[in-house]
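For reference, the chains in residue letters:
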Amino acid sequence: MSEITAPKSPVTAEQFADEIREQLKYAQGVTVEQATPADVYVAAAVAVRHHLMDSWMQTQHDMVNGTTKAVGYLSAEFLMGKQLRNALLNAGLTEQYNAAIESLGFNLQDVVDTEYEPGLGNGGLGRLAACFIDSLASLGVPAFGYGIQYKYGIFKQEFDKDGKQVETPDYWLANEEPWGHIDYNRSQKVSFGGKVVKEGGKKVWKPAWSVRAVPVDYMVPGYASGRVNTLRLWSAKAEDEFDLLTFNRSEYLSAVKPQVKAENISKILYPEDSTKEGKQLRLEQQYFFVSASLHDAIRVFYPGESKPDLTTLPDKIVFQLNDTHPVIGIPELMRILIDEYGYDWDTAWSITNKTFNYTCHTLLPEALEVWPADLIGELLPRHLEIIEKINEQFEAELKAKGVGAVTIKDMAIYTGDSVRMAYLATYGGSHVNGVAELHSQLLKDVTLKNFSDVYPDKFTNVTNGVTPRRFIKLANPRLSDLITEGLGTDKWLSDLELLKGLEPLAADDEFVRKFAAVKQANKVDFANYAKREYGFDLDPDTMFNTMVKRLHEYKRQALKILALIARYADIKSGKLSADDVMPRTVIFGAKAAPGYYLAKMTIQLINNVARVVNNDPDVKGKLNVYFPWNYNVRLAQHLIPATDLDEQISQAGKEASGTGNMKFALNGAMTVGTLDGANVEIRERVGAENFFLFGMTVDEVDKLYADGYGPRKYYEADPRLKAAIDMVADGTFSNGNKDTYAPLVSDWLSKDWFMTLADFHAYTAIQSEIEALYAQPLEWNRKALINVANSGYFSSDRSISDYLERIWHTGPLPALA
Ligand code: KOT
């Protein structure tokens, strides 16, 4: 796809080993004999960084001095996963590294295992950002990822003796972190609070306090592109070490207070996914990284210029707003242009409008950020004024377009008491996109309907994707080798649509058997991993049936657990004879937001169902349930390649896209799913006969709501559902305690907001189809292989190409000489 040639990597294994030795000695002060695997990991990481340095500098040089517009991906989250293996792969250094480490007398896996995963994201949105910067670099497009270097990433999840989730801090920077380069000399000052005064007819913001934003740079090497981009994560430091005046008065503790306040800004990632957390600190975080990033971009693209011509900014960089979290960037750029550089309003608006675009990742109303105006006014008084003025201009524009007064009121960006960030983003930028066809359609038809009526051309779709480097090549080396064997080339790693070439091989039983053997070997690997890491005893000769994603009611883990309980009851009662049962191992992975009561109760229920089922001799060998704690990128990379059946069972219209669904399909799992998010497109591509579809459609859901939904009717009508819910209520999974799950049961029976009960029958009915196919391994694997062959579209390289064409209007840097 990209025109850039692959990097020639002249380094030999011997040189690589020498570099590691040097680093161990001169930077870390240990001999090879003294070194631990953790020491070697740091040394190897530094050596890799050194090898990327020339390409990194060249890329920055070409970006600043050339005419190719860059991309600035503004995101509060980048869920990167471990770096070493990925950097080696993309830099073409894997073989040299492997040989070097072995020649130094170390075990490869031991060294890799010492790397601590940075968890700077909650889930899909943050992982998407990480896939996107990988693809930008791999396509040779100059880009910055801009975000926050949180000191504490997503919490570590543990389970207590009752199966409840316990959160512990994720202090990922406790050990040496060799990838981030702190660049104090390129810090930015970010100010807050105070008031706006008039001076000489001009508005002047007099902030009350400031912090220093220090960039920590991570190299983002492209795969076989020779290009290395930058992920710049901002860390908050106090402006001055401490307040000397206060200190001199011997009030030592008060003297460090401002420092503590400043450094709190980048201390912790908010653990809510798809909900908004309207706290002041969150707004401080958002403004902190966005303000620093915008100033940084001006510094980078107009080096040394005190009076830059910022009307050219939209030709230098285009910013993508990853959901509403960075939307405060719109009034901030207006402020920078007007207050700091003296542009008039209209010029500033024209620049701002061209520079920003907005991606919406959800339709859930509770996730669309709305900030109280007085909070913004207190923290960012100048920005609130600018937002008010934007709103005035917007209302005038709507009026001129003939929009009625009621609609204008409905569309208000600033209501008088609050600011709607999604509306600000839609009006303030050039394009708005959803993340899958269905989601983009609903965005236009429902969530932002008024806006799409007035500005139809702003709206577009870019279906999400995932990077095949991390999620096929690194996660599933066996499948990667088989794909390369089947296609006769490894070019699929940068052109994933080539997977289509595997489709004819689905008719070749020999190849399908090899494909099945890959899955089986991955299952054995995962069973070993689960034994080692969690003490679980998984039987790789059973179907591995996985549901991994954040715990959220709309994703309907409850549907899976109720169906599982019903099955347990059927086996136990003998309704399902032992011979009729297809043995299954059900694997869950999910974190719940710490304040999300029902989600946490669902976690507790899953753990206790697992305890009861796994200890019941009546179902031994037929049904097992495991819930490895602390689901993260690393666990995903082990589990996805080992999965036979993946669950994507959200209520139709609620999951914007999903990206797990893509990873599973690409790794040869079959999907059971609803017509939601990207499932729709996956099914279209792999073929309806190769996808287990069930459940209500968006229209059916809407109709049922409109007709008045009552979950109790379904409970009364379906004895299996009734029995399952009764077991939860009667203490079967809580040592006889009937109160434990009462709130959950009551919610199911009285509200059931996401219609779990209404879809229960369809979901359980499709299980026999699933099992009938699984009983024919060759046919199952044939279909799974067809899934792989037709999922090439879901590469994040394709998503990025779509962004380039439809939104960013830029492309790769000129080819390297
Ligand atoms: C919203 C607020 C805070 C943190 C995260 C979100 C969020 C996450 N909103 N949507 N998402 C997910 O984004 C993924 C990437 O586009 C989607 O695949 C997924 O369906 C969204 O739920």
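Residues numbered from 1 in each chain as written. Predicted model: local features only at pLDDT ≥ 70, side-chain atom pairs only at ≥ 80, totals over all residues.

Trainee: I tried to follow the overall build of the chain on my own but got confused; where do I start?
Mentor: Counting its secondary structure elements, the chain contains 34 helices and 22 strands. Computed over the C-alpha atoms, the radius of gyration of the chain is 27 Å, within 12% of the 28 Å expected from 2.2 N^0.38 for a compact globule of 817 residues. Over its C-alpha atoms, taken along the principal directions, the chain stretches across nearly 85 × 70 × 60 Å. The long-range fraction of contacts in the chain, counting pairs at least 24 apart against all pairs at least 6 apart in sequence, stands at 77%. (Helix = DSSP H or I, 4+ residues; strand = E, 2+ residues; numbered from the N terminus. Rg over C-alpha atoms; globule rule 2.2 N^0.38 Å. Contact = placed C-beta atoms within 7 Å.)

Trainee: Looking at this structure, how should I read the domain arrangement of the chain?
Mentor: Buried accessible area, meaning the area lost when the parts come together, often serves as the stated size of an interface. When the domains of the chain are assigned, the result is domain 1 (1-66 + 82-112), domain 2 (67-81 + 117-464 + 801-808) and domain 3 (468-794). Each partner contributes residues to the interface: domain 1 has 6 residues there, and domain 3 has 7 residues. (Domains from an automatic or database assignment.)

Trainee: What's the story with the pairing of strand S8 (residues 202-206) in this structure? I'm lost.
Mentor: Consecutive side chains along a regular strand alternate between the two faces of the sheet. Pairing geometry for strand S7 (residues 195-199) and S8, over 5 bridges, is antiparallel. Bridged to Lys 198 within S8 is Lys 203. Hairpin geometry of S7 and S8 is characterised by an intervening segment of 2 residues between the two adjacent antiparallel strands and by a positive phi of about 55° at Gly 200. (Pairing = 2+ DSSP bridges.)

Trainee: Looking at this structure, I do not really get the site of the ligand. What am I missing?
Mentor: Lining the immediate environment of the ligand, one finds 19 residues, of which Gly 124, Leu 125, His 361, Ala 656 and Ser 657 sit closest. There are two domains that each give the shell around the ligand at least three residues, and those are domain 2 (67-81 + 117-464 + 801-808) and domain 3 (468-794). (Near = placed C-beta within 6 Å.)

Trainee: Just checking my understanding: could you explain the nonpolar core for this structure?
Mentor: A general tendency of soluble globular proteins is for nonpolar side chains to be buried together. Ranked by size, the top nonpolar core spans 239 residues in total, and within it Ala 44, Ile 133, Phe 288, Leu 424, Leu 562, Val 609 and Leu 785 carry the most contacts. Per-element tally for this core: the top contributor is helix H2 (residues 37-65), with 12 residues. Apart from residues lying up to four places away in sequence, Phe 288 is in contact with Val 190, Val 211, Ala 213, Trp 234, Ala 236 and Ile 265. (Core = buried A, V, L, I, M, F, W, Y, C linked by C-beta atoms within 7 Å. Buried ≥ 20, exposed ≤ 12 C-beta atoms within 10 Å, placed from the backbone.)

Trainee: Even after reading the chapter, I still don't get the packing of helix H12 (residues 329-340) against helix H13 (residues 345-355), so can you show me in this structure?
Mentor: Two quantities define a packed helix pair, namely the angle between the helix axes and the distance between the axes. Packing of H12 against H13 brings their axes to within 9 Å, and their N-to-C directions diverge by 140°. Overall, the two elements H12 and H13 adopt an arrangement that is oblique. In the packing of H12 onto H13, the handedness of the crossing is right-handed. Between H12, through Ile 330, Leu 333, Met 334, Leu 337 and Ile 338, and H13, the contact on the second element is made entirely by Trp 345, Ala 348, Trp 349, Ile 351, Thr 352 and Thr 355. Here the contact of H12 with H13 is composed, by residue class, of 9 nonpolar, 2 polar and no charged. (Axes fitted to C-alpha atoms, helices over the stretch in contact; angles between N-to-C directions. Parallel < 35°, antiparallel > 145°, perpendicular 65-115°, else oblique. Left-handed = near helix turned anticlockwise from the far one by under 90°. Nonpolar A, V, L, I, M, F, W, Y, C, P; charged D, E, K, R; others polar.)

Trainee: Is there a simple way to think about helix H34 (residues 796-808) in this case?
Mentor: One turn of an α-helix holds 3.6 residues; hence residues three or four places apart share an orientation. For H34, which comprises 13 residues, the first-to-last C-alpha distance of 15 Å sits more than 12% below the rise-based estimate of 18 Å (1.5 Å per residue). Residues of H34 that are buried: Ser 796, Asp 797, Arg 798, Ser 799, Ile 800, Tyr 803, Ile 807 and Trp 808. Tucked inside the fold, the buried residues of H34 contact strand S1 (70-74), helix H6 (124-138), strand S11 (317-322), strand S12 (356-359), strand S15 (432-434) and strand S16 (459-461). Looking one or two residues past H34, His 809 carries a phi angle of roughly 50°, positive in sign. (Expected span 1.5 Å × (residues − 1).)

Trainee: When you look at the pairing of strand S4 (residues 165-168) in this model, what are you seeing that I'm missing?
Mentor: Where strand S3 (residues 156-159) meets S4, 4 bridges bridge the pair, whose relative direction is antiparallel. Within S4, the residue paired with Lys 156 across the bridge is Thr 168. In sequence, S3 turns back onto S4 through a hairpin of 5 residues, with Gly 163 there showing a positive phi of about 85°.

Trainee: What should I look at first to understand the environment of Arg 712 in this one?
Mentor: Looking at the element boundaries, Arg 712 is found in helix H29 (residues 711-717). Separated by 338 residues in the primary sequence, Arg 712 and Asp 374 have C-alpha atoms spaced 43 Å apart.

Trainee: How do you make sense of the sheet that holds strand S21 (residues 670-673) when you look at a structure like this?
Mentor: An order of S19-S18-S17-S20-S21-S22 is seen for the 6 strands of this open sheet, with the pairing classed as parallel. Of all strands in the sheet, those bounded by a partner on one side alone are strand S19 (623-626) and strand S22 (692-693).

Trainee: How do you make sense of the environment of Ser 225 when you look at a structure like this?
Mentor: Position of Ser 225 relative to the elements: it lies in the loop between strand S9 (209-221) and strand S10 (228-238). A residue is classified by how many C-beta atoms lie within 10 Å of it, and Ser 225, with 29 of them, is buried. Separated by 386 residues in the primary sequence, Ser 225 and Arg 611 place their C-alpha atoms 49 Å from one another.

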